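Observations on the model geometry
The lines below spell out each chain.
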Amino acid sequence: MKIKQKILAVFMTTILLGTNLLTLGNQVIAASTELDGQNSKTNHANVEFNSYLEGNGHERVYDVDQEAKIYINLQVKENGYLKNGIVEFSNSNYQINSDQINSEYIQKIEENKIYLKQINYNQNVTLEIPIYLSKQERVSQDIFAKDSTVNFQGTYIDGNGKERTIEKTVTNIGSNG
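First, a word on scope: everything that follows refers to the structure included in this document. (Residues numbered from 1 in each chain as written. Predicted model: local features only at pLDDT ≥ 70, side-chain atom pairs only at ≥ 80, totals over all residues. Heavy atoms only, no water.)

The 4 strands are arranged 2-4-10-6 in an open sheet whose pairing can be described as antiparallel. Two strands close off the open sheet at either side, each with one partner strand: strand 2 (47-53) and strand 6 (94-96). Within the sheet, the average angular offset between the axes of one strand and its neighbour, ignoring direction, is 30°. For strand 6 and strand 10 (residues 123-133), the ladder comprises 3 bridges, and the chain directions are antiparallel. Considered in strand 10, the bridge of Ile96 is made with Ile131. (Pairing = 2+ DSSP bridges. Helix = DSSP H or I, 4+ residues; strand = E, 2+ residues; numbered from the N terminus. Axes fitted to C-alpha atoms, helices over the stretch in contact; angles between N-to-C directions.)

Take a look at the structure:
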């Protein structure tokens, strides 16, 4: 009799846990108070980079079936140009929907990397990147509070021809179901 009660208790616990995961899985949450302090400044005053969710912030709640977008903003001010720009998405629980991206500033897209064409001075480029949630067989415990980073690296050539490596990382916290 005790074995049946233990089996029934394990079964009920599994059902309750599964129901809670299904409820949580209906939303994507991107939230953190630390995210609001991020800005677009890089290691050179003439180049700015930022990544943000819809609404121009780093916090957003999406339904699983809702179309989601992440935005990349890159600006080269005053003089010079930027070459060999690469935007890489790491530790994310979403994937880039490369079939829906059409931009004159993108050279190519490979998995989680976007290779950019040259961006000249006085250009302010905003890329709208459609994303979709990664489907997974097993859901890990930290999936609903995962830090997703957008890394940028490129080479800035100033008005005198001097090269400088530009690097910037922006964090968004997202989750999927």
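That covers the picture; the talk isn't over yet.
Applying the stated criterion to the full structure yields 2 aromatic pairs. A centroid spacing of 5.6 Å and a plane angle of 15° characterise the contact between Tyr52 and Tyr71, whose relative ring orientation is stacked. Highlighted residues: Tyr52 in strand 2 and Tyr71 in strand 4 (residues 68-76), separated in sequence by 19 residues. Exposure class is identical for Tyr52 and Tyr71. Each is buried. Positioned over the ring face of Tyr115 is Lys108, at 4.9 Å from the centre of the ring. (Phe/Tyr/Trp six-rings, centres within 6.5 Å; stacked < 30°, edge-to-face > 60°. Buried < 20%, exposed > 50% of the residue type's maximum accessible area, 1.4 Å probe, protein only. Lys NZ or Arg CZ within 6 Å of the ring centre and 35° of its normal.)

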